[in-house]
Amino acid sequence: MTTDPAVEGGVSRRSLLGAGGVGLAALAAGFAGGFGTAKAVSGPPEPTATDVVPFHGTHQAGIVTPAQDRLHFATFDLTTTSRDDVVALLQAWTAAAERMTRGLPAGELGPDDGPYEAPPDDTGEAQDLTAANLTITFGFGRSLFTDAHGTDRFGLAARRPAALQDLPHFPGDMLEDARVGGDLAVQACADDPQVAVHAIRNLARLAFGTAQVRWSQLGYGRTSRTSSAQATPRNLFGFKDGTANIVAEDAKALAEHVWVAPGDDPAAAWLAGGSYLVARRIRMIIETWDRGSLHEQETNVGRTKGSGAPLSGGKETTEPDFARSGSDGKPLIDPRSHVALAHPSRNGGARLLRRGYNYTDGSDGLGHLDAGLFFLAFVRDPGTQYVPMQTALASNDLMSEYLRHTGSGLFAVPPGPRPGEYVGQALFEA
C-alpha cells in the first residue's frame, strides 16, 4: 500500500485546502496594512535568544548597531508604475523585516504551515537559527524620485533630497552597469550568513511583481568597528581598517556627521533623523599587492601593518603627525598615503561612519581573486563628506594602483519607523 505523504496522523493536509484562498487573502491583508493586527495562527514560538536588535527606533538599525560579521546587500529596480504598489511593498517589507529581526519567519504561517498547495510565506532555511543580531536597513535611490528618462513615476520628484545625486565618475572608476544604482537598497547584517541571506531572499520573494533585484553583494569579516567595545578588524591587504571610525557612543560626532537634521533640506523634511548610504564595490588587486615589500605596503597605507600605528609614531589610536619628518627630511607619512588623503584634516573636518565588509567572489577566470572591500559608509551630506574625499583619493592615493571600483550607489536612508509605521512612510504620506 502506498502511503500518501500529504497525510500525517490520519489527517490529510489537502483536506484543509478548501480554506486556502481565505488564508492567502488574510495573509496578504496582514502584510499590506496590519502591523499590530496579525491573525492569530499557530506557528513557531517566540524566540528566547538575546541576540535580537530592536527594529523600531528613532534611527534605523544597522547604522550604529555594533557591526555584525556578515552582510547581504541588495538593490532593487521597481517594475511597477503604481505608487500604491510601492507603498504596499514597503508595508510588506516592514512587516517581514520586523519579524525576521526577532528570529521569526517572514510570514505569520511560516515555512511548513498554511495552505498545502500554496507557496510557504517563508523559505525556511533560517527556521532553526536564532536572530543572530540581524538588522535590515532600507534606502531610496535617486531613480525612485526621477528615473533615467526624467520621469516622475511615483509623484515624488519634488521631495527628492538635494544631496541625493548620482555619484560622479571618479578618476580610475571601472564601474559595471549591472552593479550601479537601484531604486531601493536593502542592507542585511547578521552574525550568521544564512540569516542575512534568508532576509534578502524573503524580501525579494515578497517583491515579486513589484520589484526585482538589480545587483547584490555578500560580505564577511567586517572592516570597521561601529562600537568602542569592538576591536579594529583587518581588510584583505592585512591592515587594520577603520581605526578612527565614528562609533555609536559618540553622540556628538553622529549628530554632526551622520544624522540628517530637520533643517538640512526643507524639501526633504521626511529624511530628518535618517542618513545617506554610500555603497562602493572595490576590487583589490591582491596578487600585485602581495608581491610588494612590507616597506612599500606601509608607505601606501601610512600605518604599520602589525599594530596599525601611524608611521609618525605611537600606537594605533595615536593621531597621525603629518608634519613629522625622518632623518632624510621627508615626511614619515607620505602625503599621498591613504591615511593622509582620507584624514579629516585634509577634508575640511569631514568624517564618515564606515560599515564595510570583505568580499571574495571566486576568481576571474585568469587565476586572479575577485576579492576586495565592499565599502559602506553613512554620512549626513555625501556632497561635502564623501565626494571631495573620494575625488582626492582617486586622483592621488598611492593605493589606487591596487584598487578597482566596480560597483556604486548612493541612497537616502529614512529614519527608523515607529510601531505601526512602515519604512519611508513620511515620504509617501506627509
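Report on the accompanying structure. In this text the structure is predicted, and so the values were computed from the model without any measurement.

1. Section: the overall build of the chain
No. 1: A count of helices and strands for the chain gives ten helices and eleven strands.
No. 2: For the chain, buried positions account for 50% of its 430 residues.
No. 3: Nonlocal contacts in the chain, meaning residues at least 24 apart in sequence, comprise 75% of its contacts between residues at least 6 apart.
No. 4: When the accessible surface of the chain is summed, it comes to about 18700 Å², and 54% of that surface belongs to carbon and sulfur atoms.

2. Some remarks on the nonpolar core
No. 1: One finds Trp93, Ile136, Phe138, Leu144, Phe237 and Tyr386 to be the most contacted residues of the largest nonpolar core, which totals 70 residues.
No. 2: Element by element, the count of residues in this core is highest for helix α2 (residues 83–100), at eight residues.
No. 3: Beyond its immediate stretch of four places on either side in the chain, tyrosine 386 contacts Leu167, Phe170, Val278, Arg280, Leu352, Phe375 and Asp381.
No. 4: Membership of the second largest hydrophobic core comes to 22 residues, among which are Ala67, Trp215, Tyr357 and Phe374.

3. A look at the packing of aromatic side chains
No. 1: Overall, the coordinates contain 13 aromatic pairs when judged by the stated rule.
No. 2: Pairing phenylalanine 140 with tryptophan 270 gives two aromatic rings, centres 6.2 Å apart and planes at 40°, and the pair type is tilted. Taken together, the residues phenylalanine 140 in strand β4 (residues 135–141) and tryptophan 270 in the loop between α4 (251–257) and β7 (275–284) connect sequence positions 130 residues apart.
No. 3: Judged by its relative accessible area of 1%, phenylalanine 140 falls in the buried class.
No. 4: Taking 6.1 Å as the distance between ring centres and 25° as the angle between the ring planes, the aromatic pair formed by phenylalanine 145 and tryptophan 270 counts as stacked. Within this pair, whereas phenylalanine 145 is found in the loop between β4 and β5 (184–190), its partner tryptophan 270 is found in the loop between α4 and β7, the two being separated by 125 residues in sequence. Tryptophan 270 carries the same exposure label as phenylalanine 145, and that label is buried.
No. 5: Clustering of aromatic rings is evident, with ring pairs tying together Phe73, Trp215, Phe374 and Phe411.
No. 6: Over the aromatic face of phenylalanine 322 sits the side chain of arginine 346, whose NZ or CZ is 4.6 Å from the ring centroid.

4. Here we look at the side chain of asparagine 245
No. 1: By the secondary structure assignment, asparagine 245 is in the loop between β6 (211–222) and α4.
No. 2: Owing to a relative accessible area of 7%, asparagine 245 belongs among the buried residues under this scheme.
No. 3: Here the side chain of asparagine 245 touches arginine 225 through a polar contact of 2.7 Å, landing on its backbone oxygen.
No. 4: Residue contacts for asparagine 245: discarding those within four places in its chain leaves Ser224, Arg225, Thr226, Arg351, Leu352, Leu353 and Arg354.

5. Focus on the environment of glutamate 421
No. 1: Inspection of the secondary structure puts glutamate 421 in the loop between β11 (403–413) and α10 (425–429).
No. 2: Each C-alpha atom, one on glutamate 421 and one on threonine 94, is 8.3 Å from the other, the two residues being 327 residues apart in sequence.
No. 3: A polar atom in the side chain of glutamate 421 sits 2.6 Å from the side chain of arginine 418.

6. Focus: the pattern of salt bridges
Pairing between side chains of opposite charge can happen when their charged atoms approach one another.
No. 1: In total, this model carries 16 salt bridges according to the counting rule given.
No. 2: The partner of glutamate 316 in a salt bridge is lysine 240, and the shortest N-O contact between them spans 3.2 Å. With glutamate 316 in the loop between α6 (294–301) and α7 (338–342) and lysine 240 in the loop between β6 and α4, this residue pair connects regions lying 76 residues apart in the sequence.
No. 3: Residue glutamate 316 is classed as buried on the basis of its relative accessible area of 15%.

7. Overview of the packing of α2 against helix α3 (residues 193–206)
No. 1: Two numbers describe how α2 lies on α3: the axes approach to 10 Å, and their chain directions differ by 155°. The pairing of α2 with α3 is recorded here as roughly antiparallel in orientation. Crossing of α2 against α3: the hand is right-handed. Here α2 contributes Leu89, Ala92, Trp93, Ala96 and Met100 to the contact with α3, which in turn contributes His198, Ala199, Asn202, Leu203 and Leu206.

8. Here we look at the pairing of β4
No. 1: Burial analysis of β4 places seven of its seven residues in the buried class, which makes it a mostly covered element.
No. 2: Of the two faces of β4, the one carrying Thr135, Thr137, Gly139 and Gly141 and the one carrying Ile136, Phe138 and Phe140 are both buried.
No. 3: When β4 meets β5, the two strands line up antiparallel, connected through six bridges. The residue bridging phenylalanine 140 from the neighbouring strand is leucine 184, located in β5.
No. 4: Pairing of β4 with β11, which is carried by two bridges, proceeds in the antiparallel orientation. Bridging from a neighbouring strand, glycine 141 pairs with phenylalanine 411 of β11.

9. What to know about α2
In an α-helix, one full turn covers 3.6 residues, which means residues spaced three or four apart are oriented alike.
No. 1: Taking 1.5 Å of rise per residue, the 18 residues of α2 would be expected to cover 26 Å, and the 26 Å separating its terminal C-alpha atoms lies within 8% of that figure.
No. 2: For α2, the tally of buried residues reaches 14 of 18 residues, placing the bulk of the element in the interior.
No. 3: Looking at where α2 begins, the residue whose side-chain oxygen comes 3.3 Å from the main-chain nitrogen of aspartate 84 is serine 82.

10. Points about α3
No. 1: When the terminal C-alpha atoms of α3 are compared, their 20 Å separation across 14 residues agrees well with the 20 Å that a helix rising 1.5 Å per residue should span.
No. 2: Burial in α3 covers these residues: Val195, Ala196, His198, Ala199, Ile200, Asn202, Leu203 and Leu206.

So, how was this worked out
- Residues numbered from 1 in each chain as written.
- Predicted model: local features only at pLDDT ≥ 70, side-chain atom pairs only at ≥ 80, totals over all residues.
- Heavy atoms only, no water.
- Helix = DSSP H or I, 4+ residues; strand = E, 2+ residues; numbered from the N terminus.
- Buried < 20%, exposed > 50% of the residue type's maximum accessible area, 1.4 Å probe, protein only.
- Contact = heavy atoms within 4.5 Å.
- Areas by Shrake-Rupley, 256 points an atom, 1.4 Å probe, with all protein chains shown as cover.
- Core = buried A, V, L, I, M, F, W, Y, C linked by side-chain atoms within 4.5 Å.
- Phe/Tyr/Trp six-rings, centres within 6.5 Å; stacked < 30°, edge-to-face > 60°.
- Lys NZ or Arg CZ within 6 Å of the ring centre and 35° of its normal.
- Polar contact = N/O pair within 3.5 Å; in protein donor to acceptor, adjacent residues only side chain to side chain.
- Salt bridge = Lys/Arg side-chain N within 4 Å of Asp/Glu carboxyl O.
- Axes fitted to C-alpha atoms, helices over the stretch in contact; angles between N-to-C directions.
- Parallel < 35°, antiparallel > 145°, perpendicular 65-115°, else oblique.
- Left-handed = near helix turned anticlockwise from the far one by under 90°.
- Pairing = 2+ DSSP bridges.
- Expected span 1.5 Å × (residues − 1).

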